[in-house]
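# Architecture at a glance
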Amino acid sequence: VQLVESGGGLVQAGGSLRLSCVASGSIFSVNRMGWYRQAPGKQRELVATITSGGSTNYGDSVKGRFTISRGNAKNTVYLQMNSLKPEDTAVYYCKSTSLQGTEYWGKGTLVTVSS
C-alpha cells in the first residue's frame, strides 16, 4: 500500500485546512486509516482514525475541531481541520492498517499555523 498526503501549508490561527490521503496498491486489505502528527521535538501522536465501517476516533487535543472522513472510493481519507491553533503545527502523516495489522505510512505533509 502506498499513501500520498496533500493539502498542508501555512495558515493563520483560527483558519482551516483540509488534508487528503490517497492510498494505492493492495487497498482491499486496508481496514483502518488515520492521521498522526509530529511536532518538532515531540513524539508522533494520534490525530484521528476511521475504520472501513466508518467508526472514528480522535485525539483529545483535536476533538470538536477536526473531522476525519473517507471518500466514496474508500481509498481516500480526508482530515478537515478547523479553528487551527499554533500548537497544531506539525508534520501530518497518513497511516493505513490492514486486517492483519500491517501498517503503512505516508511521507507526511507540513502544516504550519501562525499566531
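Heads up: the structure comes first, above all this text.
First, a word on scope: everything that follows refers to the structure included in this document. Note that the structure is predicted; figures quoted are calculated from it, not measured.

### Topic: unusual backbone geometry
- Backbone geometry at S83 places phi at a positive 50°, although glycine is not the residue there.
- One can find S83 in the loop between strand 8 (76-81) and strand 9 (90-98).
- On the basis of relative accessibility, which here comes to 41%, the residue S83 falls in the partly exposed class.

### Digging into the sheet that holds strand 7 (residues 66-70)
- The strand order across the open sheet formed by four strands is 1-3-8-7, and the pairing between neighbours is antiparallel. Strand pairing shows two members of the sheet lacking a second neighbour, strand 1 (2-6) and strand 7, which therefore form its edges. Pairwise comparison of adjacent strand axes, ignoring direction, gives a mean angle of 15° for this sheet.
- Two elements, strand 7 and strand 8, share five bridges in a ladder whose sense is antiparallel. Looking at the pairing, T67 lines up with Q80 of strand 8.

### Structural notes on the environment of K95
- Relative to the helices and strands, K95 resides in strand 9.
- Spatially, the C-alpha atom of K95 lies 10.0 Å from that of V1, the residues being 94 residues apart in sequence.
- Leaving out residues up to four positions away in the same chain, K95 has contacts with L3, R32, M33, G34, Y36, E103, Y104 and W105.

### Looking at the nonpolar core
- Grouped together as the largest cluster of nonpolar side chains are 27 residues, with contacts concentrated most on W35, L79, M81 and Y92.
- Those elements that provide at least two residues to this core are strand 3 (17-24), strand 4 (30-38), strand 5 (45-51), strand 7, strand 8, strand 9 and strand 11 (109-114).
- Here the element with the most residues in this core is strand 3; it accounts for four residues.
- When sequence neighbours within four positions are dropped, the list of residues in contact with M81 reads G15, S16, L17, L19, R65, F66, Y92 and V111.

### What to know about the environment of Y36
- Mapped onto the elements of the fold, Y36 is located in strand 4.
- Taking the relative accessible area as the measure of exposure, Y36 reaches 17% and is therefore buried.
- Distance in space between the C-alpha atoms of Y36 and Y92 is 5.7 Å, their sequence separation being 56 residues.
- Ignoring anything within four residues of it in the chain, the contact list for Y36 reads R44, E45, L46, V47, T49, V91, Y92, Y93, K95 and W105.

Thresholds, definitions, all that
Residues numbered from 1 in each chain as written. Predicted model: local features only at pLDDT ≥ 70, side-chain atom pairs only at ≥ 80, totals over all residues. Heavy atoms only, no water. Helix = DSSP H or I, 4+ residues; strand = E, 2+ residues; numbered from the N terminus. Buried < 20%, exposed > 50% of the residue type's maximum accessible area, 1.4 Å probe, protein only. Pairing = 2+ DSSP bridges. Axes fitted to C-alpha atoms, helices over the stretch in contact; angles between N-to-C directions. Contact = heavy atoms within 4.5 Å. Core = buried A, V, L, I, M, F, W, Y, C linked by side-chain atoms within 4.5 Å.

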